[in-house]
Amino acid sequence: MMKETFPQLCNHNHRHPVQGIIPPYMRLHLISDEENKMKIRQAHLGDFSLDEEIRARRQAYAKLNSAEKLLLASQQFKAGGISKSILQTIAADPGLLPQPSRLVYSAENGQSLPGKIIRKEGSKPSKDTDADKVYDSAGATWDLYYSVFGRNSIDNKGMMMIQTVHYLKNYDNAFWDGKQMIYGDGDGKIFASFTSDIDITGHELTHGVVQYECNLEYKDQSGALNESLADVFGIMVKQKALNQDVTAANWLIGENVVIGEQYAIRSLKAPGTAYVNHPDLGTDPQPHHMSGYKNDPDDNGGVHLNSGIPSHAFYLAAVDVGGFAWEKLGKVWYNAMCNRDLVPTNATFADFKNATLTESTALFGAEDKVTASIRNAWNTVGV
Ligand SMILES: [Zn+2]
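Bear in mind the structure is a predicted one, so any value in this text is a computation, not a measurement. (Residues numbered from 1 in each chain as written. Predicted model: local features only at pLDDT ≥ 70, side-chain atom pairs only at ≥ 80, totals over all residues.)

**Student:** Explain the overall build of the chain residue by residue, including any values.
**Tutor:** Within the chain, the secondary structure is distributed over twelve helices and eight strands. Among the 383 residues that make up the chain, the fraction classed as buried is 50%. Contacts spanning at least 24 positions in sequence make up 62% of the contacts within the chain whose residues lie at least 6 apart. (Helix = DSSP H or I, 4+ residues; strand = E, 2+ residues; numbered from the N terminus. Buried ≥ 20, exposed ≤ 12 C-beta atoms within 10 Å, placed from the backbone. Contact = placed C-beta atoms within 7 Å.)

**Student:** Please provide a residue-by-residue account of the environment of Arg266, values included.
**Tutor:** Looking at the secondary structure, you find Arg266 in strand S8 (residues 266–267). Sequence spacing of Arg266 and Leu305 is 39 residues, and the spatial spacing of their C-alpha atoms is 9.5 Å. Other than its neighbours up to four places away in sequence, Arg266 contacts Asp231, Ile253, Gly254, Pro271, Ala274, Gln286 and Gly308.

**Student:** How would you summarise helix H8 (residues 220–241) if you had to cite specific residues and measurements?
**Tutor:** In a regular helix each residue adds 1.5 Å, so 22 residues correspond to 32 Å; H8 covers 32 Å between its end C-alpha atoms and thus fits that length. Within H8, 20 of the 22 residues are buried, leaving the element largely enclosed by the surrounding structure. Downstream of H8 by a residue or two, Asn243 has a phi angle that is positive, lying close to 55 degrees. (Expected span 1.5 Å × (residues − 1).)

**Student:** With reference to specific residues and values, describe the packing of helix H7 (residues 198–212) against H8.
**Tutor:** Contact pair H7 / H8: the axes reach a minimum separation of 7 Å and the direction vectors enclose 135 degrees. It follows that H7 is oblique to H8 by the angle criterion. The two elements H7 and H8 meet at a crossing, and its hand is right-handed. Along its contact with H7, which presents Ile198, Asp199, Ile200, Gly202, His203, Thr206, His207 and Val210, the element H8 presents Asn226, Leu229, Ala230, Asp231, Phe233, Gly234, Ile235, Val237, Lys238 and Ala241. Here the contact of H7 with H8 is built from residues that sort into nine nonpolar, six polar and three charged. (Axes fitted to C-alpha atoms, helices over the stretch in contact; angles between N-to-C directions. Parallel < 35°, antiparallel > 145°, perpendicular 65-115°, else oblique. Left-handed = near helix turned anticlockwise from the far one by under 90°. Nonpolar A, V, L, I, M, F, W, Y, C, P; charged D, E, K, R; others polar.)

**Student:** With reference to specific residues and values, describe the nonpolar core.
**Tutor:** Counting residues in each nonpolar core, the largest one holds 92 residues, and the members touching the most others are Ala313, Phe314 and Ala317. The element contributing the most residues to this core is H8, with nine residues. Two domains each provide a minimum of three residues to this core, namely domain 1 (2–212) and domain 2 (220–380). Filtering out sequence-adjacent residues up to four positions away, Ala313 remains in contact with Ala377, Trp378, Val381 and Val383. (Core = buried A, V, L, I, M, F, W, Y, C linked by C-beta atoms within 7 Å. Domains from an automatic or database assignment.)

**Student:** How would you explain unusual backbone geometry if you had to name every residue and give the values?
**Tutor:** Residue Pro114 is bonded to the preceding Leu113 through a cis peptide linkage, with omega at 0 degrees. Within the fold, Pro114 resides in the loop between strand S2 (102–106) and strand S3 (116–120). If you check the backbone angles, His166 has positive phi at about 55 degrees while not being a glycine. Within the secondary structure layout, His166 lies in the loop between strand S4 (161–165) and strand S5 (174–176). With phi around 50 degrees, Asn215 is a residue other than glycine that occupies positive phi space.

**Student:** Give a detailed account of helix H6 (residues 129–149), specifying residues and quantitative values.
**Tutor:** Side chains that are three or four residues apart share a direction in an α-helix, a result of its 3.6 residues per turn. Taking 1.5 Å of rise per residue, 21 residues should cover 30 Å, and H6 covers 29 Å from first to last C-alpha, within 8% of that figure. By the burial criterion, the buried members of H6 are Asp130, Ala131, Lys133, Val134, Tyr135, Ser137, Ala138, Thr141, Trp142, Leu144, Tyr145 and Phe149. In the segment just after H6, Gly150 is the residue with positive phi, at about 70 degrees.

**Student:** I'd love a proper account of the environment of Ile259, names of residues and values included.
**Tutor:** Position of Ile259 relative to the elements: it lies in the loop between strand S7 (252–253) and S8. C-beta crowding within 10 Å serves as the criterion here: with 16 such atoms nearby, Ile259 is assigned to the partly exposed category. It is 7.0 Å that separates the C-alpha atoms of Ile259 and Lys189, two residues lying 70 residues apart in sequence. Apart from the residues within four sequence positions on either side, Ile259 is in contact with Lys189, Ile190, Phe191 and Ala192.

**Student:** How would you sum up the packing of H6 against H8? Please name residues and give values.
**Tutor:** For the pair H6 and H8, the least separation of the axes is 9 Å and the interaxial angle reads 95 degrees. Judged by the inter-axis angle, H6 sits roughly perpendicular to H8. Here H6 contributes Ala140, Thr141 and Leu144 to the contact with H8, which in turn contributes Met236, Val237, Lys240 and Ala241. In terms of residue class, the contact of H6 with H8 is built from five nonpolar, one polar and one charged.

**Student:** I'd like a description of the environment of Gly323, backed by residues and values.
**Tutor:** Among the secondary structure elements, Gly323 is positioned in the loop between helix H9 (308–321) and helix H10 (329–337). Given 12 C-beta atoms within a 10 Å radius, Gly323 is considered exposed. For the pair formed by Gly323 and Ala248, sequence separation is 75 residues and the distance between their alpha carbons is 9.8 Å. Here Gly323 is in contact with Asp245 and Val246, once residues within four sequence places are set aside.

**Student:** Explain the confidence of the model for the chain to me, using residue names and the numbers behind them.
**Tutor:** Residues of the chain with pLDDT of at least 70 account for 77%, and the chain-wide mean is 84. Contacts for the low-pLDDT stretch residues 1–16, under 50 throughout, to residues beyond four places or in other chains number 20 contacts. Taken as a whole, residues 73–83 scores under 50 in pLDDT and shows 17 contacts with residues more than four places along the chain or in a different chain. (pLDDT = per-residue confidence, 0-100.)

As structure tokens, this is what we get:
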């Protein structure tokens, strides 16, 4: 088989489900709503089958070897009207360049990916505010990973950050599909454009980082950890961009994407309160403690639901330590995420707790306040 003769970028054989920001439980809520919102409901039902399609594409992509991936990329870039010199840059090893490498496309409300090129690294702002927003958000994500953790992009080898905006019409989600970001414009009634929050870009690009590091399986506790890491690093991207310390930050994911001042997608500070009595979405079902852990078969065992537990542990420890979350806690969480011995692909919350304590001890010492805060935080959420 060809597959065995080429080095594989992705040499594991488990499934790569699509990691969208909007969990199935939010959508199911919309679909089961009996009110006269047929139009929105139909759009959401459409999204469900589309998720399956993207999931299948992502699985197929994971099986390709690196040469096949490069070929596929060149074909797509050609379709997107990109120049030969950019192609050559991609083909060459970009690991030497300690700077972000961004490409933003528009699907022009269609389905072809990556679409039409709107903006590339170093070019002037376009007239497309969504494209400019995600260009900046990806830059802030790259900056957090590089300037704080010394990581050069998603794969730590300077990988291009490819993003497509205006995916389909009124599409209610944002995805990392295994190789690029995809953003919908939102339906305009419940969800605004998914480009609206910097933490969503940070969240989705972190799924890419996880894929290249501990590669947590996207189900049950390892899947909830995968979701939690995406939120934890997504929130740090926002806090660093806004220069917010742990007390100034609101710890909300997607506060601009969900329309309405009082609503967001998730809260790390108080899981279960991101939206309360929303007319269409109901109330945020996230638990903040292991006693509320739920197995949700519609959500790969509750990956978006139970992520609230480890995310809240990060919040508690960060607030206890004080200052900027990324300076101490972020480094511990980053090192744990990259520790494949202690965090295997099927890691449990307890495995990750152990990894954070080990990494904190290595960085700050077993008796340091940071290590004590982390231990207390995990204990408080029942892990
Ligand atoms: Zn996610």
